[in-house]
Amino acid sequence: MEQFLIDNADRYRNLVKAFKPTPAKKGGVETSAASPYITVCARIRPMLEDELAQGFPEGVIPRAQSSTADLHELRQKVRGPPVINSSDYTVDKLFDSNATTAQIYETVVQPLVPWAWAGGVATSFAYGQTGSGKTFTVSGLERHVAETLMDGSLEGERKVHLCIIELAGQTAFDLLNNRKQISILEDSFGNTQLAGAVEHHITTKASMTDLIETAAALRQTRATLKNDTSSRSHAICRIRIENPASSADDDGLLYLVDLAGSEAARDRAAHDASRMKEAREINTSLSVLKDCIRGRALLDADKGNTKTKKKAAAYVPFRQSTLTKTLKHLFDPASRRGGKTVVVACVNPCLADVGASKNTLRYAELLRVVVPKAAAPARYDAAVPATWSNADLRRWIEGNSGTPPVDASMLAPRETGPQLLRLPAPEFVARCLKTVGVSPEQAQAFQAKLWRLHSDSRAAKADDAADSNIINTEDARIAKFDSSADPEPDAASIPFTERIRPGMVVSIVPLAGGVFGGYALSGKSYVLVLCPAAAVGARVRDLLGEQVNPGRDMDAETGSGRSTADRYLCALVTPGFMAGSYGVNLWRQCVVALDQMEAEVLMEYDAATRYYYMTV
Ligand SMILES: Nc1ncnc2c1ncn2[C@@H]1O[C@H](COP(=O)(O)OP(=O)(O)OP(=O)(O)O)[C@@H](O)[C@H]1O
């Protein structure tokens, strides 16, 4: 076959010269808007010296000033001279063989870094046939990421942790710990853990690039027909970005994934049984990955669409392969975290490899999700944040963000409802804190409020749509008593210390000793007021074993006693299992004096999760 291509190279070149390209297919980036959460690009690498020396022409040719590439195959005819068979492929961004890795980084990958820095999940995949330039591209991108993370240009203090693993079939190895085998496990919170992998705390660009080089040297490679040192595994570089100022928030995650090279059936002809099994496993994991990327992008594109029928169509089978299980944060439809994805399809332009290039470009096109027309402004519904325009959202922020109200122009300068819901929680909080007087607790509670409204609106959609518009006044009245807020309308104007009542939740300054019944109360702590300490019987003791109402005992014995006025018996409020949730520990009681109480905190009970959440 290769000899046939070389023998007919001149004829092929003439046919390509005479080729008249047709306009890019409908659905191409020129004709419709692509999803803002996934960018699919292709990089056509230069022809290598040995390919040129053998006399192969180029089979994949990018169009000038366009995101479309033409691909030509030379076909032998039963009768007559060979002909070319042409097809074209459109991606979001096309990089020709002159493009540098720095250009690719600046155009598509660099925006992922501030997104992860702000607490989001971002992933870049390099995909393509063996020998197409994936490792070349990813190793370059990793160096640029190291530069951006460490050059001090990103706002705020963060701790950066690096971990690089290799997935070969079902097995995972730590490339920064001498290829020690590790396990990919799901913990009881549903988060994927790389059990046994060593994370390195990174403080300089040089230390990060050293580790990247160490990992590259330990990666398993084998000779394939197309590449003497082919990577027969997926390499995942995970950068975890921790914000020390907000330990309650999820850490930002940036994954740079160098996928194992796909091999066409004819390239696998000389493999033994174990290499065949390896190739099958790689191809299966790539196929599941495609379904997951596409499924997740469809779900995201459909967020503003209120038609339930459409939502059921997207399926994200992330449990079907170790690769997608490892990247669960990105694919899980139940995840609350906003994800951004960049796919770089790497293409070898050599005519001899045009069949594999066709598969790569087809795969890239399949990953592109064009935002359906229906996702454009859904009819406004005050109870469904996914239908809010920027103006609707700003109105809601100003009326619902507590006191002082969050400045909507700082929190949502351009975003619509669905876009704000995708904003990473730490970024949401950071934007709220730009309004003078807003505390981190208020900001977190406000973020949780928006999310609960969104979750409730999705649950309500499953009910009969006709019923959903009927305002049930009885439900509204009962719902009012699911909150710790004072039911009196003018309560907010009276200082909380003048209206202390059982059921009020307050934040307290850390108590002396600080440890109650196994709970270390450090930093901000919360308690729920039960009753004045003076109302308690003589034998009652708190968590520290101290008598709650010494006055009563002493009165009985001596006729005199210490005043218990302004001291309250309270129950501890401690963090629950879910992010932002709290539990009331009714029987873990402590005594708190009025002057130890800082502020009233509003909590709401959520019957579905049986936890309390802060509100504003
Ligand atoms: N943009 C480029 N410019 C110059 N050389 C390149 C470029 N891309 C790839 N190469 C060269 O092509 C060869 C194959 O590249 P690379 O090893 O990155 O391929 P790969 O897709 O990772 O292959 P495999 O899947 O088999 O590991 C290497 O010699 C590499 O230096």
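Only a predicted model underlies this, so the values are computations on that prediction, with no experimental measurement involved. (Residues numbered from 1 in each chain as written. Predicted model: local features only at pLDDT ≥ 70, side-chain atom pairs only at ≥ 80, totals over all residues. Heavy atoms only, no water.)

Student: Please explain the overall build of the chain as it appears in this structure.
Tutor: The helix and strand tally for the chain stands at 20 helices and 24 strands. Burial status across the chain gives 48% buried among its 616 residues. When contacts within the chain are restricted to residue pairs at least 6 apart in sequence, long-range pairs at least 24 apart make up 68% of them. Only carbon and sulfur atoms are counted for the fraction: they give 53% of the accessible area of the chain, which is about 29,700 Å². (Helix = DSSP H or I, 4+ residues; strand = E, 2+ residues; numbered from the N terminus. Buried < 20%, exposed > 50% of the residue type's maximum accessible area, 1.4 Å probe, protein only. Contact = heavy atoms within 4.5 Å. Areas by Shrake-Rupley, 256 points an atom, 1.4 Å probe, with all protein chains shown as cover.)

Student: Can you help me understand the sheet that holds strand β17 (residues 505-508) in this one?
Tutor: Paired through their backbone hydrogen bonds, the strands of a sheet run either parallel or antiparallel. Read around the closed barrel, the six strands follow the order β17-β20-β21-β22-β24-β23; overall the barrel is antiparallel. Strand-to-strand twist of the sheet, defined as the mean angle between neighbouring strand axes without regard to direction, takes the value 50 degrees. Relative to strand β20 (residues 525-532), β17 runs antiparallel, the two being bridged by four bridges. By the bridge assignment for β20, Ser-507 is matched with Tyr-526. (Pairing = 2+ DSSP bridges. Axes fitted to C-alpha atoms, helices over the stretch in contact; angles between N-to-C directions.)

Student: How should I be thinking about helix α4 (residues 101-109) in this particular structure?
Tutor: In an α-helix, one turn spans 3.6 residues; hence positions three or four apart end up facing the same way. Residues Thr-101, Ile-104, Tyr-105, Val-108 and Val-109 constitute the buried set of α4. Projected down its long axis, α4 shows its buried positions confined to an angular sector of 105 degrees, all on one face. Check the buried side of α4 and you find it contacts β1 (38-44), β5 (93-95), α5 (112-117), β6 (121-128), α6 (134-150) and β16 (339-347). (Arc of directions from axis to C-beta.)

Student: Sorry, what's going on with the packing of aromatic side chains here?
Tutor: What characterises a pair of aromatic rings is the spacing of the ring centres plus the angle enclosed by the ring planes. Under the definition given, this model contains six aromatic pairs. Both rings, one in Trp-396 and one in Phe-446, keep their centres 5.3 Å apart while their planes meet at 20 degrees; by these two values the pair is stacked. In this pair, Trp-396 sits in helix α13 (residues 390-400) while Phe-446 sits in helix α17 (residues 440-462), placing the two residues 50 residues apart along the sequence. Phe-446 gets classed as buried once you look at its relative accessible area, which sits at 0%. Ring geometry for Tyr-526 versus Tyr-582: centroids 5.7 Å apart, planes at 80 degrees, classification edge-to-face. Highlighted residues: Tyr-526 in strand β20 and Tyr-582 in strand β22 (residues 581-593), separated in sequence by 56 residues. For Tyr-526, a relative accessible area of 6% gives the class buried. Taken together, Trp-388, Trp-396, Phe-428 and Phe-446 form an aromatic cluster joined through their ring pairs. (Phe/Tyr/Trp six-rings, centres within 6.5 Å; stacked < 30°, edge-to-face > 60°.)

Student: When you look at the pairing of β6 in this model, what are you seeing that I'm missing?
Tutor: Consecutive residues of a regular strand have side chains that alternate between opposite faces of the sheet. Most of β6 is tucked away, with eight of its eight residues classed as buried. Of the two faces of β6, both are covered, the one formed by Val-121, Thr-123, Phe-125 and Tyr-127 as well as the one formed by Ala-122, Ser-124, Ala-126 and Gly-128. Two strands pair when backbone bridges link them, and β6 and β16 are joined in this way by eight bridges, in the parallel orientation. Paired with Thr-123 across the two strands is Thr-341, which belongs to β16.

Student: Looking at this model, I keep getting lost on the UniProt feature "binding site: ATP" (unreviewed entry) in the chain. Mind explaining?
Tutor: UniProt tags Gly-128, Gln-129, Thr-130, Gly-131, Ser-132, Gly-133, Lys-134 and Thr-135 as "binding site: ATP" (unreviewed entry). Note on placement: Gly-131 falls in the loop between β6 and α6. Considering the arrangement of structural elements, one finds Lys-134 in helix α6. Those residues in contact with Lys-134 that lie beyond four places of it in its chain are Ala-126, Tyr-127, Gly-128, Gln-129, Asp-258, Leu-259, Ala-260, Gly-261 and Cys-346. A distance of 3.2 Å separates a polar side-chain atom of Lys-134 from the backbone oxygen of Gly-128. (UniProt positions renumbered as here; feature names shortened; annotations may be inferred. Polar contact = N/O pair within 3.5 Å; in protein donor to acceptor, adjacent residues only side chain to side chain.)

Student: How should the environment of Thr-615 be read in this particular structure?
Tutor: Here Thr-615 shows up in strand β24 (residues 611-615). You can call Thr-615 buried: its relative accessible area is 9%. Measuring from C-alpha to C-alpha, the distance between Thr-615 and Lys-449 comes to 6.1 Å, with 166 residues separating the pair along the chain. The residues touching Thr-615, leaving out its near neighbours within four places in the chain, are Ala-445, Lys-449, Arg-452, Leu-602, Met-603 and Glu-604.

Student: Sorry, what's going on with the packing of α6 against helix α7 (residues 205-218) here?
Tutor: The packing of two helices is summarised by the inter-axis angle and the distance between the axes. Axis separation between α6 and α7 bottoms out at 9 Å; the angle between their running directions is 155 degrees. Here α7 runs roughly antiparallel to α6, going by the angle between their axes. When you trace α6 past α7, the crossing you get is right-handed. The residues of α7 that touch α6, namely those facing Glu-142, Arg-143, Ala-146, Glu-147, Leu-149 and Met-150, are Lys-205, Met-208, Thr-209, Ile-212 and Glu-213. Tallied by class, the residues present in the contact of α6 with α7 amount to five nonpolar, one polar and five charged. (Parallel < 35°, antiparallel > 145°, perpendicular 65-115°, else oblique. Left-handed = near helix turned anticlockwise from the far one by under 90°. Nonpolar A, V, L, I, M, F, W, Y, C, P; charged D, E, K, R; others polar.)

Student: Before we go on, may I ask you to explain the pairing of strand β7 (residues 159-168) in this structure?
Tutor: The element β7 is largely enclosed, with a buried count of eight among its ten residues. Bridge analysis of β7 against strand β11 (residues 200-202) gives three bridges, and the strand direction is antiparallel. Bridged to His-161 within β11 is His-201. Linking two consecutive strands that pair antiparallel, namely β7 and strand β8 (residues 171-174), is a turn of two residues; a positive phi of about 65 degrees is found at Gly-169 within it.

Student: What is the right way to look at the pattern of salt bridges in this model?
Tutor: Side-chain pairs of opposite charge can arise where the charged atoms are in close proximity. As enumerated under the stated definition, the model contains 19 salt bridges in all. Residues Arg-431 and Glu-427 are paired through a salt bridge, measuring 3.1 Å at the closest nitrogen-oxygen approach. A residue pair is termed a helical-turn pair when its members lie 3 or 4 positions apart in one helix, as Arg-431 and Glu-427 do in helix α16 (residues 425-432) at four residues. Residue Glu-427 is classed as partly exposed on the basis of its relative accessible area, which comes to 22%. (Salt bridge = Lys/Arg side-chain N within 4 Å of Asp/Glu carboxyl O.)

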